[in-house]
Amino acid sequence: MKNLKDEKIIVLDFGSQYAQLIVRRVREHGVFAQVLPCNTPFNTIKELNPIGIILSGGPANVYGNNAPACASEIFNMEIPVLGICYGTQFMCENLGGEVVSTENREYGITKILLTNNGNIFEGLDSELNVWMSHGDQINNLPKEFETLAKTDTCPYAAIKHKSKPLYGIQFHPEVHHTPAGKDIIKNFVYNICKAKGNWKMDNFIQESIAQIRKQVGNNNVVLGLSGGVDSSVVAMLLDKAIGKQLHCIFVDNGLLRQDEAINVEKTYRDNLDLNLTCVDASDSFLKLLAGVTDPEKKRKIIGHEFIEVFKNASQHIENVKFLAQGTLYPDVIESVSAHGGPTAVIKSHHNVGGLPAELGLDLVEPLRDLFKDEVRELGLELGLPHDMIWRHPFPGPGLAVRLLGEITKERLDTLRSADKIMIEELHKSGWYSKVWQALCVLLPVQSVGVMGDERTYDNPIVVRLVESVDGMTADWVRLPYEVLEKISSRIINEVKGVNRVVYDISQKPPATIEWE
């Protein structure tokens, strides 16, 4: 079978928080894409044999000291190169053009006027709304380059080489704020890179099964089954590949939603007939977390104890050589610095970074290259129920990252009760299936309230609903007032210790979806 990654587009990351969105947009058109740091050696890029290269944006100035750079040889490879924002400026500076700081900065929605509707803009209107984010711009084009688009203040909003497949755009086609962005990337992928498009989930399943069987052999695999979408898809993929060689371990860490342990055991052991071991480790987790308020310390404690529980539980299973995890591409992205590049670390993830040596197991991560929406598509291909596939994401550390401040059983019970009410009301109103993720957060502050004739001094609950495609960016949901009112009223009246409900209207970025 032909390797799905044989046809690939490489995204060289110059420090952009949007580099992974570029990857996702390429994949949406059926072509595999991957991120590499901008300083990847030319020989490595050449050996990967990409059909095209995209240069990401970035926060630096191309004329500054220690500005991020890539191998200039890529411009002579005779394969298409597309620069985006900083990537375009780097291309111009490298090939003899000039980039300068300008007072005419462009941020947000901007209208561009196309001067050439062919090539990368084929089939598009002559005027387009795009998302700009730059304070520098091209002052002089390199020789043999021509203009494809301009704005009122930016004469070189899009450019191309007259004879080589080198293109540059000053705006960001990868974000949803550029409505024609998908078409622009599709034109680059198919019209310019001449892709065929074989990155499809049915092909991915066949290739993954073959890879899993080759890696695992006759050995057994243990999987941390949380009941969420990611671990469920991993379980079904491994079950299809190796059957009863898979042994699932469910750990109740005391940080789960209400009745989660009961539901997991019923669903996966009784209905799906998977090998399942359930471990109640809630006391040990809560003991270790007592008095801890720093979010990174919480994650590290939970991750370490999770591995310890696994080590103990897996000792009772014979011939175990592998541990499977539902690690996704965004997990890896946010836990490391842009694959060695200049992008800042956002936060650590408990299931990223490999296993400590004392565990003695190798890692199986069949979803490591996938985004969340790709995982859902994969789950449907594997035959998982729609309700399970479209269950909202739930973080590995559980409610610990939604319980700001000290973690206690009493505070967890408060948060669990509020969370259950919110989920119930979203299902009743039909809004649960319309949003990407919904969550409650309990804050370590108190405010004055009045219940009956008595003064209260209790906690607020934050309700957060976001819409997203891949979790890399998100917008807050404009939930109808009557639904918000019902959620608020029920939480305040039914959950002891809560006298105020607030609604989070922050976007990602600058905020993250979770609060910790």
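Just so it is clear, the structure is predicted and the values come from calculations on it, not from any experiment. (Residues numbered from 1 in each chain as written. Predicted model: local features only at pLDDT ≥ 70, side-chain atom pairs only at ≥ 80, totals over all residues. Heavy atoms only, no water.)

### A few points about the packing of aromatic side chains
Tallying each qualifying case throughout the model produces seven aromatic pairs. An angle of 55 degrees between the planes, with centres 4.9 Å apart, marks the rings of Phe32 and Trp199 as tilted. Here Phe32, found in strand β2 (residues 32–37), pairs with Trp199, found in the loop between α4 (181–192) and α5 (201–216); they are 167 residues apart in sequence, far enough to count as distant. For the pair Phe32 and Trp199, one class covers both residues: buried. Three or more aromatic residues joined by ring pairs form one cluster here, namely Phe14, Phe75, Tyr86 and Phe90. In this structure, Arg376 is placed above the aromatic ring of Trp436, and the distance from its NZ or CZ to the ring centre is 5.1 Å. Over the aromatic face of Trp431 sits the side chain of Lys434, whose NZ or CZ is 4.7 Å from the ring centroid. (Phe/Tyr/Trp six-rings, centres within 6.5 Å; stacked < 30°, edge-to-face > 60°. Helix = DSSP H or I, 4+ residues; strand = E, 2+ residues; numbered from the N terminus. Buried < 20%, exposed > 50% of the residue type's maximum accessible area, 1.4 Å probe, protein only. Lys NZ or Arg CZ within 6 Å of the ring centre and 35° of its normal.)

### Topic: the sheet that holds strand β3 (residues 52–55)
One key point about sheets: their strands pair by backbone hydrogen bonds, in either a parallel or an antiparallel sense. Taken in spatial order, the nine strands make up an open sheet running β2-β1-β3-β4-β9-β8-β7-β5-β6, and their pairing is mixed. Single-partner strands in this sheet number two, and they are β2 and β6 (127–140). Recorded for the sheet is a direction-independent mean angle of 20 degrees between the axes of neighbouring strands. Relative to strand β8 (residues 158–161), strand β7 (residues 145–150) runs antiparallel, the two being bridged by four bridges. Considered in β8, the bridge of Thr147 is made with Ile159. Against the sheet, helix α1 (residues 19–27) engages β1 (8–13), β2, β3 and β4 (81–84), with an angle of about 160 degrees to β2. (Pairing = 2+ DSSP bridges. Axes fitted to C-alpha atoms, helices over the stretch in contact; angles between N-to-C directions. Contact = heavy atoms within 4.5 Å.)

### Considering the packing of helix α8 (residues 282–289) against helix α9 (residues 295–314)
Relative to each other, α8 and α9 sit at 150 degrees, their axes nearing to 10 Å. What the angle tells us is that α8 and α9 run roughly antiparallel. In terms of crossing hand, the pair formed by α8 and α9 is right-handed. Only Lys298, Ile301, Ile302, Glu305, Phe306 and Val309 of α9 make contact with α8, whose side of the interface consists of Ser284, Phe285, Leu288 and Leu289. (Parallel < 35°, antiparallel > 145°, perpendicular 65-115°, else oblique. Left-handed = near helix turned anticlockwise from the far one by under 90°.)

### As for the pattern of salt bridges
Tallying each qualifying case throughout the model produces 24 salt bridges. With its nearest N and O atoms 3.4 Å apart, the salt bridge here joins Glu425 to Lys428. Of the two residues, Glu425 and Lys428 both sit in helix α13 (residues 409–429), three residues apart, roughly one turn of that helix. The exposure class of Glu425 is buried, given its relative accessible area of 6%. Here Lys428 falls in the exposed class, since its relative accessible area comes to 62%. We note a salt bridge from Glu425 to Arg490, for which the minimum N-O separation is 2.8 Å. Of this pair, Glu425 sits in helix α13 while Arg490 sits in helix α14 (residues 481–494), and the two are 65 residues apart along the sequence. Accessibility assignment for this pair places Glu425 and Arg490 in one class, buried. Connected via shared salt-bridge partners are Glu424, Glu425, Lys428, Arg490 and Glu494. (Salt bridge = Lys/Arg side-chain N within 4 Å of Asp/Glu carboxyl O.)

### What to know about the side chain of His247
The residue His247 is located in strand β11 (residues 246–252) in this model. Judged by its relative accessible area of 18%, His247 falls in the buried class.

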